[in-house]
Each structure stands twice: as structure tokens, then as C-alpha cells.
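Here's the letter readout for the chains.
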Amino acid sequence: MNHYPRCDRTTAWAALAGHFEAHGREFDLREAFDRDPSRFEALSFEAPEIFADLSKNLLDKATLTFLLDLALECGLSERRDALLAGDPVNATEGRAVLHTALRAPRGEGPHAHQVHEVLDAMLAFAQEVRDTERSGITDVVNIGIGGSDLGPQMAVPALDAFAHRQLRFHFVSNVDGHDLTPVLRQLHPERTLFIIASKTFTTQETMANAHAARDWFDAQGGVDRARHFVGVTTNLQAAAAFGITRTFGFWDWVGGRYSMWSAIGLPIAIAIGPENFRALLDGAHAMDRHFANTPLPHNLPVLLGLLDVWYRNFHRFSSRSVAPYHQGLKRLPAYLQQLEMESNGKQVDMAGQRLPFATSPVVWGEPGTNGQHAFFQMLHQGTDVIPVEFIAVRRAAHGLSDLHRKLLANCLAQSQALMKGKTAPEAMTDKVPTAAASFDRAVLSQHRTFPGNRPSTTLVLESLTPRSLGALIAMYEHRVWTSGALWGINSFDQWGVELGKALCNDLLPRMDSGDTAGLDASTAGLIRRLQT
Ligand code: F6P
């Protein structure tokens, strides 16, 4: 795949740079809407389970044409086909990247036999646990970190409306004992199922928590460990060595942050049941088909990935805020942080050459409306422009229709305010608060102006269901791949986490011995300070 040029070596890139200077830098959304009454229709897109309004972004049809030219020159379609066919695109780890195979229907796609064998076994086990009268289980504790935690931790609350009402779910990830301790306090060994989730089964945090949980289980008089501890891993041997007899496997072609569709999804399957878990996979598969087959000008993940490149490399926006207007999606920003920043936070291309342009933005956020009362001030009036991604869900799963109307109105008001802004003369006509009556009116109006022209995307789901969540997450996966592919990086390795792990292994014995020989003065001083 190396014969396709890196984005910055294409003629489209140069054309985009020219277009940015001529029209992009000063682009004004309000004028764009005035000029083109069909802007909303022209820049909104349908994909499985998702309607996407891109019209409040700093782009026009010409921008899109140049970006699509870039995709063409970079061989995006051919590279997508190679990804989906199982070519070893994760070259630095010598692996294929086939999370899409995990949600292909039975008999379809690469590795179909093994995928469905594990899926069937995993779902049968989930069903056993859900039969709480017989299983006696009331609490499911997932011990895992990163990709072995964030997917289930995001999806279980998101799908609360579909969840088993007699089961409680806990997620322990941090090696900080303050994570595990309050969870253990709520448990009875005979009613608890521990899921030890680790692709490698060597991750320090997970293994430390797994051992602590096992010790607790024994100390509490727990019997039949084999029934109360299951493993989800590619390293069946290590799980067996830990004493786990029931293990659900997956494979090296499933990246950690792309693994919630595999047996890593076990807590989700226990929470929502086999049928709903299959619906989650179906939704993701529908998005895979959209990604694979829809021409690029209407291909939602591709369009969003192109927009990300436009913002990161031409507008030079360094972050993107995600604002899901659904409390169930409260862990979505954290999930997307790993998906996007661990995938695309890279500084060299596939050939190992240092990149002369920026890659992953910082992804961050909070559910609306909470974010409005925290950091939205900065989004509206701060000095940095930060594109916002609103996620609105048309139908609520509760009957509190008044709350839901208010929630949706807030969501729309925020994107409207970001775009419209407020001029100083407009602010002059605002009623002055009594407490500020003596303050200079003109000066006050400066404080009360909003620059506007701040971009946002609004994604609309009809309702938050297993199927729509599956489609949403798969959309994000493909979008991350799109920008990573254009940047010419490997979105599927994560060497950046290794150095800290190695240094931690060196420091660990020093925390006991106090040996600071050869350390920098700061680390040595802090060891002395922290030694207990
Ligand atoms: O943080 C690095 C990382 O390798 C992630 O990519 C992965 O999701 C996480 O650690 C957990 O790894 P494992 O599933 O092997 O315990």
C-alpha cells in the first residue's frame, strides 16, 4: 500500500492549502447560510442509524471537492478495501486488522468460523449468568484496562434501558486500590462473577487487580473459584496459569481499542442479553457495509475523517469536544479518547519518517447539559476555536417527556449559539444585571459579545439502542482510520505506552529499597518523598 502518496505529497493537499488561504481562513458560517438556502440539505448525510448535520462546519462544496480529491490521490478506497480484506495493514506489529470480521453475519467475512464459535459460547455463558435464579449471581465485576475496559464501561450504561434489572455491573481498571476497594465492599463472593479481561493477560494493572480480587475471594471464604472467575484473552495459557478454567478467546487481529465486539464484550452481553448483543453487532456491521460500499462523497465516516484533516492541518484546531446529549453516553468521550488518541497520536509515517504536520487532536467532553455549566464558556468565548460534536437522541427511553424536550432544545441552542454568536451592538441592547448597573455599558457589552462562527457537527440517532450504538461506534472507528490513513500513519499500534511501562518496572523495586542511583534529581527526590 506504500505506493499511495502521503497526504502532504499530493496535488490535492497543495490545492487545499490554496483554497484555505483564499476561502477557508475567513470562511463565515452565517454568510454561508445566507448565500445558500440549501446548505443544510447539501451538507447533511444519512448513514445506518445516524443522521449527520455537517452544515454548521467551516466548509463548503468546494472544500469537500478538494478533500475528496485528496482521498482519491491517497488511494483511500483501495486502502479501505485492503483493510477490510485482512491485509496486514498493522505493519509494525505484522498483523491484519479485522475487528469488522467480529460483526459479520455467520458464514461471512474472514475467520467466520472461529468468530461465531466464540460468540456462540460467550452468549450462551452470558445467558447462563442472566438466569440469576440458577446462577445466583448478582454482581459482575469486569477487571481490565484500556480497550479491555472502556468499551464495556461505555456500552453498559448506554444500554441501561435494555439491561438485566437484577444484575449490577462494576468496572475496575486502575491499579489504584481506591478503584477496587469500594467495589469489593459491595460484594459477596458466592454472588459475584469476576471477568478478568486482558488481551495479553500480562498488563500490570489488570493482573494486580485480578490477584487482589482472587485473594479477597479466598479470604471471604469463596468456594468454586472456577465458577466465579472467567477470562477473556488471547493468551489462554496465562489465564490457565492464573487458575481460570473458563476462558473466551480472541485473536491478535483484534486491536485492544477495537475489541468490544469480541469476547471483551462479555459484560455487555450479560447486561443486555444475547439477542441485543447480536443487534449491537448488526448495527456495527450495517455501518461497515456503508463504509465499504457507499461512494466517498456520501460516506459518513470518510466525510468526518476528511473534515478532521481539514480542521487539524489547515485550520490547525488542536482539539475536538464531544457532547453527547444522552446521559447514557457519559463514558463515550473517554472511549473515544482511547480510540482516537491511541490510534492517531503518532509522529512518524509508515516509513518511519517524521511528519511535518499535526496528527490526532485532543478529544474530550462531557454529556450535555452538564458541560454547558462547566467548560462551554470557553467554547463560546475562549480564544481557541474548538469544533464540537453534538449527539442528539430523538426518542428517550424514559417517560419524562418534559425533560427530554428541554435536553434537545439545549443541544440545538448550543450549536446555534456557537454559530450565531452575538455582536457588541446586540449585546448593548441586553438588559444590564442590577448588580452591574454602575458598570460602563459599552465595556460590559464587550464582555457579553460572542464571536460566533464556531463550528459543530450534530449527529442524530432515532433512539439509543444496541443497533444504533453499534453503528455509532463503528462509524467512529472508520472515521479514525480515515484520518490516520490520509496522514500515512499506523493507526493500529501503540508503542507510545511502552516506555512508561518499562520505567515503572525499573522504579517499582526502588520504591521499596529507596535506591535512587542513576535517577534524575526530580524522580529521586519524589521517590524519597513518596516512600512509605
Ligand atoms: O495502553 C496500552 C494497551 O495495550 C491498550 O492498547 C490496551 O487496550 C490496554 O493496554 C490493555 O491491554 P490488555 O488488554 O492486554 O490488558
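See the structure shown above.
Below you will find a few notes about this structure. Just so it is clear, the structure is predicted and the values come from calculations on it, not from any experiment. (Residues numbered from 1 in each chain as written. Predicted model: local features only at pLDDT ≥ 70, side-chain atom pairs only at ≥ 80, totals over all residues. Heavy atoms only, no water.)

**Examining the overall build of the protein chain**
Moving on, step 1. For the protein chain, the count of helices and strands is 23 helices and 11 strands.
Moving on, step 2. Here the C-alpha radius of gyration of the protein chain, 25 Å, is about what a compact globule of 532 residues would show, namely 24 Å.
Moving on, step 3. In terms of overall dimensions, the protein chain has C-alpha extents of about 75 × 65 × 60 Å along its principal axes.
Moving on, step 4. Residues counted as buried form 53% of the 532 residues belonging to the protein chain.
Moving on, step 5. Summarising the internal contacts of the protein chain: among those between residues at least 6 apart in sequence, 75% fall at separations of at least 24.
Moving on, step 6. On the protein chain, the mean spot of the 50 positive side-chain charges and the mean spot of the 57 negative ones are 4 Å from each other. (Helix = DSSP H or I, 4+ residues; strand = E, 2+ residues; numbered from the N terminus. Rg over C-alpha atoms; globule rule 2.2 N^0.38 Å. Buried < 20%, exposed > 50% of the residue type's maximum accessible area, 1.4 Å probe, protein only. Contact = heavy atoms within 4.5 Å. Lys, Arg positive; Asp, Glu negative; His and termini not counted. Charge placed at Lys NZ, Arg CZ, Asp CG, Glu CD.)

**Quick notes on the site of the ligand**
Moving on, step 1. As a matter of local geometry, the ligand sits amid 13 residues, with Gly 147, Ser 148, Ser 198, Thr 200 and Thr 203 nearest to it.
Moving on, step 2. In this structure, Lys 199 approaches the ligand through a main-chain N or O atom, which is 2.7 Å from an oxygen atom.
Moving on, step 3. Protein coverage of the free-state accessible area of the ligand, which is 400 Å², stands at 86%.
Moving on, step 4. Classifying every residue of the shell around the ligand by side-chain character gives two nonpolar, nine polar and two charged. (Near = heavy atom within 4 Å. Polar contact = N/O pair within 3.5 Å; in protein donor to acceptor, adjacent residues only side chain to side chain. Areas by Shrake-Rupley, 256 points an atom, 1.4 Å probe, with all protein chains shown as cover. Nonpolar A, V, L, I, M, F, W, Y, C, P; charged D, E, K, R; others polar.)

**Description of the sheet that holds strand β2 (residues 50-53)**
Strand-to-strand pairing in sheets goes through backbone hydrogen bonds, with the strands running parallel or antiparallel.
Moving on, step 1. Read across the open sheet, the six strands follow the order β1-β2-β11-β10-β8-β9; overall the sheet is mixed. The outermost strands of the open sheet, each flanked by one partner alone, are β1 (44-47) and β9 (362-365). Along the sheet, successive strands turn relative to each other by an average axial angle of 20°, direction set aside.
Moving on, step 2. Where β2 and strand β11 (residues 456-463) come together, three bridges link them in antiparallel fashion. Of the residues in β11, the one forming a bridge with Asp 53 is Thr 458.
Moving on, step 3. Across the sheet, helix α21 (residues 466-487) lies against β2, β8 (319-325), β10 (388-395) and β11, angled at about 150° from β11, the strand it touches most. (Pairing = 2+ DSSP bridges. Axes fitted to C-alpha atoms, helices over the stretch in contact; angles between N-to-C directions.)

**As for the pairing of strand β3 (residues 139-143)**
Note on strand geometry: in a regular strand, side chains alternate between the two faces of the sheet.
Moving on, step 1. Within β3, five of the five residues are buried, leaving the element largely enclosed by the surrounding structure.
Moving on, step 2. Across the two faces of β3 the burial is the same, with Asp 139, Val 141 and Ile 143 and Val 140 and Asn 142 all buried.
Moving on, step 3. Looking at chain direction, β3 and strand β4 (residues 168-172) are connected through five bridges and run parallel. What sits directly across from Val 140, in β4, is Phe 169.
Moving on, step 4. Where β3 meets strand β5 (residues 192-197), five bridges bridge the pair, whose relative direction is parallel. Across the sheet, the residue bridging to Val 140 is Leu 193, located in β5.

**A few points about the sheet that holds β3**
Moving on, step 1. Spatial ordering of the open sheet is given by β4-β3-β5-β6-β7, a layout of five strands whose pairing is parallel. In this open sheet, the two strands that pair with only one neighbour each are β4 and β7 (246-249). Going from strand to strand, the sheet's axes swing by 20° on average, the running direction of each strand aside.
Moving on, step 2. Each of β3, β4 and β5 touches helix α9 (residues 177-184); the most contacted strand, β4, lies at about 160° to it.

**Focus on the environment of Ala 271**
Moving on, step 1. Among the structural elements, Ala 271 can be located in helix α13 (residues 266-272).
Moving on, step 2. The spacing of Ala 271 and Gly 305 is 34 residues in sequence and 32 Å in space, taken between C-alpha atoms.
Moving on, step 3. Excluding its chain neighbours within four sequence positions, the residues that come into contact with Ala 271 are Arg 130, Val 156, Phe 162, Ala 163, His 164 and Phe 169.

**Structural notes on the environment of Arg 394**
Moving on, step 1. Looking at where Arg 394 falls in the secondary structure, it is placed in strand β10.
Moving on, step 2. Classification of Arg 394 as partly exposed rests on a relative accessible area of 48%.
Moving on, step 3. Note: C-alpha distance between Arg 394 and Leu 464 (70 residues apart in sequence) is 8.7 Å.
Moving on, step 4. Leaving out residues up to four positions away in the same chain, Arg 394 has contacts with His 404, Leu 408, Leu 461 and Glu 462.
Moving on, step 5. Of note is the side chain of Arg 394, whose polar atom sits 2.8 Å from the side chain of Glu 462.

**Structural notes on helix α10 (residues 204-219)**
Moving on, step 1. In this model α10 runs 22 Å from its N-terminal to its C-terminal C-alpha over 16 residues, within 8% of the 22 Å that 1.5 Å per residue would give.
Moving on, step 2. Every buried residue belonging to α10 is among Thr 206, Met 207, Asn 209, Ala 210, Ala 213, Arg 214, Trp 216 and Phe 217, and all of these are buried.
Moving on, step 3. One or two steps after α10, the chain reaches Gly 221, where phi turns positive at roughly 80°. (Expected span 1.5 Å × (residues − 1).)

**Describing the nonpolar core**
Moving on, step 1. Counting residues in hydrophobic clusters, the biggest one holds 119 residues, and the most contacted among them are Leu 266, Ile 270, Leu 332 and Leu 469.
Moving on, step 2. When residues of this core are assigned to their parent elements, the largest contribution, 12 residues, is made by α21.
Moving on, step 3. Split by domain, this core shows at least three residues from each of two domains, domain 1 (7-73 + 294-420 + 454-493) and domain 2 (99-275).
Moving on, step 4. Dropping the residues within four chain positions of it, Leu 469 is found in contact with Met 154, Ala 155, Ala 158, Leu 159, Leu 280, Leu 329 and Leu 464.
Moving on, step 5. Judged by nonpolar contacts, the second largest core, of 19 residues, contains Ile 143, Val 172, Leu 180 and Ala 213. (Core = buried A, V, L, I, M, F, W, Y, C linked by side-chain atoms within 4.5 Å. Domains from an automatic or database assignment.)

**What about the packing of helix α22 (residues 498-513) against helix α23 (residues 521-530)?**
Moving on, step 1. Contact geometry for α22 and α23: axes closest at 9 Å, N-to-C directions at 45°. Our classification of the angle between α22 and α23 gives oblique. Seen from above, α22 lies across α23 with right-handed handedness. Of α23, the residues touching α22 (which contributes Leu 507, Arg 510 and Met 511) are Thr 523, Ile 527 and Leu 530.
Moving on, step 2. Looking at side-chain class alone, the contact of α22 with α23 contains four nonpolar, one polar and one charged residues. (Parallel < 35°, antiparallel > 145°, perpendicular 65-115°, else oblique. Left-handed = near helix turned anticlockwise from the far one by under 90°.)

Just geometry here; none of it tells us what the structure is for.
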